[in-house]
Amino acid sequence: MSAAALERQIRPIYDALDTGSNKSAIVACNKLLKKHPKNDLLKSLKALALVRSQKVEESLVLCDEVLEAKPTDDGTLTAMMHALRGLGRHNDMVTMFEEAYKKQPTNEDLGCQTFFANVRANHWKAAHQIATRMFKQFQDDRYLYWSVISAMLQAKDTNTPAAMRPILYKLAHRLIISSPTPSYVNADRFHLHLSILRELDLYEEAQGLLDSDIGKSICATNLSCNEVRRDIWLCQGQLQQEGERARNRIVLMNDRNWLEFLAVLDATLLDAAHPSVPTSTNLGSSKDTLTKIQRAQDLFLDVSKQDRLKDRSGPLALLELERRMRAHGLSQDSTRLITLLKEYFDNFGDKACCFEDLKPFLDLEESDLSQFTIFLQVVPAGFTNVSELRRLINAYKLLRYTLVESDITVDTELERAAAYVKAYFQALPLGVGLPSTELQHADDFALLAGNAYVNIWKLTGNDCHLLNAIYLLEFAVTKSKQSFLTRLILIRIYRLLGAPALALEHYRIMQIKQVQHDTLSHLILSRATAFSLAASGDLTLATECLESTQIYVSNSQETGDFVVRAFQSEKYSQIPEFISFEDQLDNSLQRDTVKIEHLRMRLTHEPISSDIIDMELIELKFIFDRIHYDNRDFAILPNYQPKISRDLNQQTLLFGKPEGHGWLQTFLKVYIRAFQQASDLDDTVEEKLLIGDRPKQTADFDRNLSLRDRLLQQNPSELANLTSDEAKLVEYARALADWLEPYHNYARPPPSVVLAEAAKQTELKTGHPLKGIEIPTINATNGHPKKDEEPPTIQEPPEFVLNYFDGVRARIDDSKSNSSPTELLHVATVAQEAFLLFLVETLRFKSPSVVKINKLSSLVATFNCLRAAAISALKDISAILIKRGESDGSSESLSTCAKIGDSTFASQIDHDFVFIHAKRVADSRRKVLEGVGKGIARICMTYAS
Amino acid sequence: MSILRPFKAADMFKFNNINLDIWTETYGIGFYLSYLSRWPDLCCVQEAPSGRMMGYVLGKAEGTGAEWHGHVTAITVAPEYRRLSLARKMMSLLEMVSEELYKGYFVDLYVRCANVIAIDMYEQLGYSVYRRVREYYGSLGVGKGGKDEEDAFDMRKPLPRDVNRRSVRPNGRDIIVSRHDVS
Ligand SMILES: CC(C)(COP(=O)(O)OP(=O)(O)OC[C@H]1O[C@@H](n2cnc3c(N)ncnc32)[C@H](O)[C@@H]1OP(=O)(O)O)[C@@H](O)C(=O)NCCC(=O)NCCS
């Protein structure tokens, strides 16, 4: 058949791949492969289709074959690139392109591909070398710049030794000045050049570039270059000059970028901030400073006069100047700050951000504070126009923010809540005509009331205040459908009250998507196992976990492409930013926190097997080795609490404990240790079976420690993140693991046997032997080699393990009468988790032959006792939950809930509305209690023996 | 009072207070990165001194010949920072860069015919309707705005290079094209 005919037949395969019909792509490949068994393109397309249908083992074999042949044609290379990326084999991809490029060194496109393959794998050194070679050969300036930035990225890479860094920057510098065309032909090249000079502290050289006309004009139109310029000036200590430059921009060009005002401020108080700067005598310099202050003040006053209400920069700069003068003891007028604050409020009190603007200036002394308070207290409560309303809202927020300890009592807070609620209803009519897409002007009053109710709840421990908040805020969202801030408080409160389904409902209405999953899914997924109904078959939350992690897949698939694009379009300023974004998202704390949460849910509904254990173990170990970035957004919560109290986020955390690095580390250790004991995979086996590249270890830990050492480390600051029930679980898991470790180690088959088994399985699946593994001949019975040594003596179970479930019973008794079922659910699900860990730890000894060969039957007998005790406790807990669910859902409990509607809004919100929402809370509680209860019962049944 | 600075990839971690607003869409990461990888100088952020994001604009340069122009793809300001001239400042930056760096003839943008506030603003800033594009947007599903919700106005503002002011036409609102006729 002619090449053209073959090409025609391959077309449909591409179409099938493009449309996701992987199965038909595989069928078509197989058909053509019969005729062309040696065709690399067909093999690589089939490999790709296999990867995309999760048939990893089979595709590995094909990939290896194609790689062996060292292909050079574009089609094969591209298909292989996608297949290898899907397998996480970036290193192989690099080698493939390098080999191809070696064979065709004049192929420029192949050179670029090879360069990009290295970029994707973060192999900066190799990338640098390739770009250098390409520049020599193809004489295109951009390859020179590619080599420059590669050297720079190598310098920035955390794995590059510190001593190497300056050498690499110098190399980058030498290269960039060797460029045939000057860097200023293009803003991004110029940016790169400046960045290198900044790294090398070559300020004079940088200054030369910046002072040129073209340099100035680039910085005037390019914010990124201007950013580096500013930095370089500051590094040079040219604060004075920067201040002058900024002043000119403010005066001559009406620039109102706050950065310019900050530059003037920094320059003004330069000597005060650094008194040791040996410019002139102390006396002289302080006089100097006063003149400068006067000058700055005049400037800001002029700006204020000129802008009037159009821009806040002038007045805020005056405030900031006064604040700084006070900090340096230079203020000459003790009433000035308060005067400025009042003026500011008078002028900008009707801007929504006035409260936020003034926050930094509110560390006031008592007399100032009382003056300001009196001023704010007389702000008229007018509801006839938006401007009045905003003033009142800002006054309320400021007053609340500056409350002192003695002002915050249950009674005063109740009064405040009543005032906010009253204002809310008075303000509502003003927004009647707004379209449903707009926010109501009155919303902030409801948010303030929400904050107050939460605070009262904190002060009294009485849940009825949270219910009040719910009724009011639910009413507020009916009036202002787009008010996501209202929904955020509701989400938090519903979780506190044990009504997770309602929290989820509001969360979904907000349409969280894409990267927001990373920053906001904590709202609904933090410690979500307490509410998971997975054990009874409802996978809502488990699915939510999986959906929220899609973004990490897109990140690893897409972001690299854009790094490559930024190279192609020479946007050098973006490349380091993209790389660190990718890294920050890839190594997100939330990602792995959700991973653990999902694992906890998964174990409640999937049978515990060695397959799950092995797979999870490998993944968890990678997670344990990597650094984590906390991208969670808590600032989004509308916090209007007094600055001396805890903020709304802290107040409404589930169980009062934040999740974070400590929580993640602790749970990782618990699960890795348990899985490692239960698994047959040791490091040598894992190495052989690993498919993709091994991720780099980026976590901060002592590299001399073994994994076991690290798992055993106990770090008090990590434990501080745990609830008392979680802490007990951790202790239980540790005691259990310590106790069983010797028996696991004794009974675990040796690596050679495990590998042989894995090879057998692979061969059965794919028809090919596992590469690189020789199967030893084993002299064994039934797959278990005979032991030479005696089994370790059987020890009694540790006290803690024996008594754990008694402790749980006591905790259940403590928490079952709380008005919110949340804690009860937590205690119950943590106990369930302890039982599942027990099952993981004892799985190996379920096999009678293992027990027999290893002579461990008396150990297994103790397991049976422990299991029976655990099951008996869990069954009781299950019954308690189900019963509690019935009573929470009953009409009596409902009417008590519905009765407590705050009298201040009783006249405004009709009783039916309150009743409906009380019923929704009751129903949601019943559902979760019943679901968790039944789930526990189901687990007891599944693992009854 | 705000800091005007370049939009950076990591801003995606910080833009919730802006993007949870109904008029602002959150796209896949690729969307933001594609703008940053080509027109980083047309993408900027307004930031409060506290570090909170207040608003941002994403733009691009496109077209051929006398159609070469700057385009505002998204401009948005968080509800609590509206009416502080932030949008005005970001628009003027984008216009300045389109003029001086890209040497464009005009700046244009699409806006839902129902988004009266934004249309008013653009008119204030010197933009006028050049044409109406049928069914440019998917349905927002928020009201009974009918066609106005799906249709878009293509609004343009001439830059000095458009000497003959070809990007302005008085009867723009009556000139209707289908979405397939525009890029
Ligand atoms: C449209 C939007 C970007 C305006 O941002 P902004 O920072 O508040 O606008 P500015 O303060 O710079 O306003 C500039 C001028 O526009 C006009 N304007 C803006 N908002 C207005 C409003 N709500 N009502 C009437 N006029 C308005 C005014 O003339 C204003 O000048 P002035 O304040 O001196 O009177 C903002 O409302 C927003 O983010 N909306 C949601 C997203 C959106 O719709 N984007 C546009 C999609 S194409």
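Computed from a predicted structure; not experimentally measured. (Residues numbered from 1 in each chain as written. Chains lettered and ligands numbered in written order. Predicted model: local features only at pLDDT ≥ 70, side-chain atom pairs only at ≥ 80, totals over all residues. Heavy atoms only, no water.)

## Regarding the overall build of chain A
Part 1 of the reasoning: Along its length, chain A carries 49 helices and 2 strands.
Part 2 of the reasoning: On the principal axes, the C-alpha backbone points of chain A span a range of 95 × 85 × 60 Å.
Part 3 of the reasoning: Burial statistics for chain A: of 945 residues in total, 54% are counted as buried.
Part 4 of the reasoning: A sequence separation of at least 24 residues applies to 74% of the contacts in chain A between residues at least 6 apart.
Part 5 of the reasoning: A total accessible area of about 40800 Å² is found for chain A, and carbon and sulfur atoms account for 53% of it.
Part 6 of the reasoning: Taken as two groups, the 110 positive and 124 negative side-chain charges of chain A have centres that lie 3 Å from each other. (Helix = DSSP H or I, 4+ residues; strand = E, 2+ residues; numbered from the N terminus. Buried < 20%, exposed > 50% of the residue type's maximum accessible area, 1.4 Å probe, protein only. Contact = heavy atoms within 4.5 Å. Areas by Shrake-Rupley, 256 points an atom, 1.4 Å probe, with all protein chains shown as cover. Lys, Arg positive; Asp, Glu negative; His and termini not counted. Charge placed at Lys NZ, Arg CZ, Asp CG, Glu CD.)

## Some thoughts on the overall build of chain B
Part 1 of the reasoning: Helix and strand content of chain B: 5 helices and 8 strands.
Part 2 of the reasoning: Each helix and strand of chain B, ordered N terminal to C terminal, gives the series β-α-α-β-β-β-α-β-α-β-α-β-β.
Part 3 of the reasoning: Taken over the C-alpha trace, chain B has a radius of gyration of 16 Å; the compact-globule value for 183 residues is 16 Å, and the two agree within 12%.
Part 4 of the reasoning: Principal-axis analysis of the C-alpha atoms places the extent of chain B at approximately 45 × 40 × 30 Å.
Part 5 of the reasoning: Counting over 183 residues, chain B shows a buried share of 60%.
Part 6 of the reasoning: The contacts in chain B between residues at least 6 apart in sequence include a share of 64% that link residues at least 24 apart.
Part 7 of the reasoning: Carbon and sulfur atoms form 49% of the exposed surface of chain B, whose accessible area is close to 7400 Å².
Part 8 of the reasoning: Side chains of chain B carry 25 positive and 23 negative charges; the gap between the two charge centres is 2 Å. (Rg over C-alpha atoms; globule rule 2.2 N^0.38 Å.)

## Digging into the side chain of A:Arg673
Part 1 of the reasoning: Of note, A:Arg673 is situated in helix α37 (residues 661-678).
Part 2 of the reasoning: Excluding residues that lie within four positions of it along the chain, A:Arg673 makes contacts with A:Leu711, A:Leu712, A:Arg734, A:Ala737, A:Asp738 and A:Glu741.

## Looking at the packing of aromatic side chains
Part 1 of the reasoning: Applying the stated rule across the entire model yields 44 aromatic pairs over all chains.
Part 2 of the reasoning: Measuring from centroid to centroid gives 4.7 Å for A:Phe115 and A:Trp146, while their planes differ by 15°, and the two rings are stacked. With a gap of 31 residues between them, A:Phe115 in helix α7 (residues 108-120) and A:Trp146 in helix α9 (residues 141-156) connect regions that are remote in the sequence. In terms of burial, A:Phe115 and A:Trp146 fall into one category: buried.
Part 3 of the reasoning: Linked through ring pairs, B:Phe7, B:Phe15, B:Tyr27, B:Phe31, B:Tyr32, B:Tyr35, B:Trp39 and B:Tyr56 together constitute an aromatic cluster.
Part 4 of the reasoning: A cation over a ring is seen here: A:Arg245 above A:Trp233, with NZ or CZ 6.0 Å from the ring centre.
Part 5 of the reasoning: Note that A:Arg710 overlies the ring of A:Phe701, its terminal NZ or CZ placed 3.5 Å from the centroid. (Phe/Tyr/Trp six-rings, centres within 6.5 Å; stacked < 30°, edge-to-face > 60°. Lys NZ or Arg CZ within 6 Å of the ring centre and 35° of its normal.)

## Brief notes about the site of the ligand
Residues and elements named next belong to chain B.
Part 1 of the reasoning: Around the ligand lies a shell of 21 residues, among which Val 77, Arg 83, Ser 85, Arg 88 and Asn 115 are the nearest.
Part 2 of the reasoning: For the ligand, an oxygen atom lies 3.4 Å from a polar atom in the side chain of Arg 82.
Part 3 of the reasoning: Between the ligand and the protein, one listed contact pairs an oxygen atom with a backbone N or O atom of Ala 87 at 3.0 Å.
Part 4 of the reasoning: Against a free-state accessible area of 910 Å², the protein chains account for coverage of 82% of the ligand.
Part 5 of the reasoning: In terms of residue class, the shell around the ligand is built from 12 nonpolar, 4 polar and 5 charged.
Part 6 of the reasoning: Split by domain, the shell around the ligand shows at least three residues from each of two domains, domain 1 (1-104) and domain 2 (109-183). (Near = heavy atom within 4 Å. Polar contact = N/O pair within 3.5 Å; in protein donor to acceptor, adjacent residues only side chain to side chain. Nonpolar A, V, L, I, M, F, W, Y, C, P; charged D, E, K, R; others polar. Domains from an automatic or database assignment.)

## Quick look at the interface of chain B and chain A
Accessible area lost upon the coming together of the parts is a frequently used measure of interface size.
Part 1 of the reasoning: Of the residues lining the interface, 52 residues belong to chain B; the matching set on chain A comes to 56 residues.
Part 2 of the reasoning: Between chain B and chain A lies a buried interface of about 4600 Å² when both sides are counted; carbon and sulfur atoms form 63% of it.
Part 3 of the reasoning: On the chain B side of the interface with chain A, the three residues burying the most area are B:Met1, B:Phe13 and B:Leu20, jointly 19% of the side's total.
Part 4 of the reasoning: Taken together, the links from chain B to chain A amount to 4 salt bridges.
Part 5 of the reasoning: Between B:Lys8 and A:Glu227 there is a salt bridge, with the nearest N and O atoms lying 2.8 Å from each other. (Buried area = accessible area lost by both parts, 1.4 Å probe. Salt bridge = Lys/Arg side-chain N within 4 Å of Asp/Glu carboxyl O.)

## Some points on the confidence of the model for chain B
Part 1 of the reasoning: Per-residue pLDDT for chain B averages 93, and the proportion of residues at 70 or more is 95%.
Part 2 of the reasoning: Of the two predicted TM-score estimates for the complex, the pTM is 0.95 and the ipTM is 0.95. (pLDDT = per-residue confidence, 0-100.)

## A few points about the nonpolar core
Part 1 of the reasoning: Within the largest apolar cluster, 195 residues are counted, with the highest numbers of intra-cluster contacts made by A:Phe300, A:Leu341, A:Tyr424, A:Phe445, A:Leu472, A:Phe805 and A:Phe835.
Part 2 of the reasoning: The biggest single contributor to this core is helix α44 (residues 822-842) of chain A, with 13 residues.
Part 3 of the reasoning: Contact partners of A:Leu472, with chain neighbours within four places excluded, come to A:Val421, A:Tyr424, A:Phe425, A:Ala446, A:Ala449, A:Tyr453, A:Phe905 and A:Ile909.
Part 4 of the reasoning: By size, the runner-up hydrophobic cluster in this structure holds 136 residues, among which are A:Leu6, A:Met96, A:Leu168 and B:Met53. (Core = buried A, V, L, I, M, F, W, Y, C linked by side-chain atoms within 4.5 Å.)

## What to know about the sheet that holds strand β3 (residues 53-62) of chain B
Residues and elements named next belong to chain B.
Part 1 of the reasoning: Spatially, the 8 strands line up as an open sheet ordered β1-β2-β3-β4-β5-β7-β6-β8, and their pairing is mixed. What marks the edges here is a single partner per strand, and that holds for β1 (3-6) and β8 (176-178). Between one strand axis and the next, the sheet turns by 30° as a mean value, whatever way the strands run.
Part 2 of the reasoning: Alignment of strand β6 (residues 128-134) against strand β7 (residues 152-158), held across 5 bridges, turns out to be antiparallel. Within β7, the position partnered with Ser 128 by the bridge is Arg 156.
Part 3 of the reasoning: Helix-sheet contacts for helix α2 (residues 29-36) involve β2 (43-47), β3 and β4 (69-77), and the interaxial angle to β3 is about 60°.
Part 4 of the reasoning: Helix-sheet contacts for helix α3 (residues 86-100) involve β1, β2, β3, β4, β5 (106-112) and β7, and the interaxial angle to β4 is about 160°. (Pairing = 2+ DSSP bridges. Axes fitted to C-alpha atoms, helices over the stretch in contact; angles between N-to-C directions.)

## Thoughts on the domain arrangement of chain A
Part 1 of the reasoning: Each assigned domain of chain A is listed with its residue range as follows: domain 1 (1-121), domain 2 (239-274 + 284-332) and domain 3 (349-399).
Part 2 of the reasoning: For domain 1 of chain A versus domain 3 of chain A, the separation of C-alpha centres amounts to 66 Å.

## Some thoughts on the side chain of A:Asp614
Residue and element names in this part refer to chain A.
Part 1 of the reasoning: Locating Asp 614 in the fold gives a position in helix α35 (residues 610-624).
Part 2 of the reasoning: In this structure, Asp 614 is buried with no salt-bridge partner, the nearest side chain bearing the opposite charge being Arg 844 at 7.8 Å.
Part 3 of the reasoning: Among the polar contacts listed, one links the side chain of Asp 614 to the side chain of Ser 679, at a separation of 2.8 Å.
Part 4 of the reasoning: Contact partners of Asp 614, with chain neighbours within four places excluded, come to Ser 679, Asp 680 and Leu 681.

## Observations concerning helix α15 (residues 239-252) of chain A
All names here are of chain A.
Part 1 of the reasoning: The terminal C-alpha atoms of α15 lie 20 Å apart, and with 14 residues this matches the ideal 20 Å at 1.5 Å per residue to within 8%.
Part 2 of the reasoning: Leu 239, Glu 242, Gly 243, Arg 245, Ala 246, Arg 247 and Ile 250 are the residues of α15 that are buried.
Part 3 of the reasoning: Directly after α15, the chain includes Asn 254, whose backbone phi takes a positive value near 55°. (Expected span 1.5 Å × (residues − 1).)

## A look at the domain arrangement of chain B
All names here are of chain B.
Part 1 of the reasoning: Per the domain assignment, the segments of chain B are domain 1 (1-104) and domain 2 (109-183).
Part 2 of the reasoning: Both faces considered, domain 1 and domain 2 share a buried interface measuring about 1400 Å² in area, 63% of it formed by carbon and sulfur atoms.
Part 3 of the reasoning: When the buried surface of domain 1 facing domain 2 is broken down by residue, Trp 23, Met 91 and Glu 95 rank first, second and third, together holding 33% of it.
Part 4 of the reasoning: Scanning the region where domain 1 abuts domain 2 turns up 2 salt bridges.
Part 5 of the reasoning: Of the charged contacts, one joins Arg 156 and Glu 67 as a salt bridge, the two residues approaching to 4.0 Å between their closest N and O atoms.
Part 6 of the reasoning: On inspection of domain 1 and its partner domain 2, the count reaches 3 residue pairs in polar contact (both at pLDDT 80 or more).
Part 7 of the reasoning: Listed by contribution, the elements that provide at least two residues to the side of domain 1 that touches domain 2 are β4 and α3.
Part 8 of the reasoning: Among the elements that line the side of domain 1 that touches domain 2, the one with the most residues is α3, at 6 residues.
Part 9 of the reasoning: When grouped by side-chain class, the residues that make up the side of domain 1 that touches domain 2 number 7 nonpolar, 3 polar and 6 charged.

## Some thoughts on the environment of A:Tyr471
Part 1 of the reasoning: Structurally, A:Tyr471 can be placed in helix α26 (residues 464-479).
Part 2 of the reasoning: Residues A:Tyr471 and A:Phe915 lie 444 residues apart in sequence; the distance between their C-alpha atoms is 9.2 Å.

## So, unusual backbone geometry
Note: most peptide bonds trans; most residues except glycine with negative phi.
Part 1 of the reasoning: For B:Glu135, which is not glycine, the phi dihedral falls at a positive 45°.
Part 2 of the reasoning: You can call B:Glu135 partly exposed: its relative accessible area is 43%.

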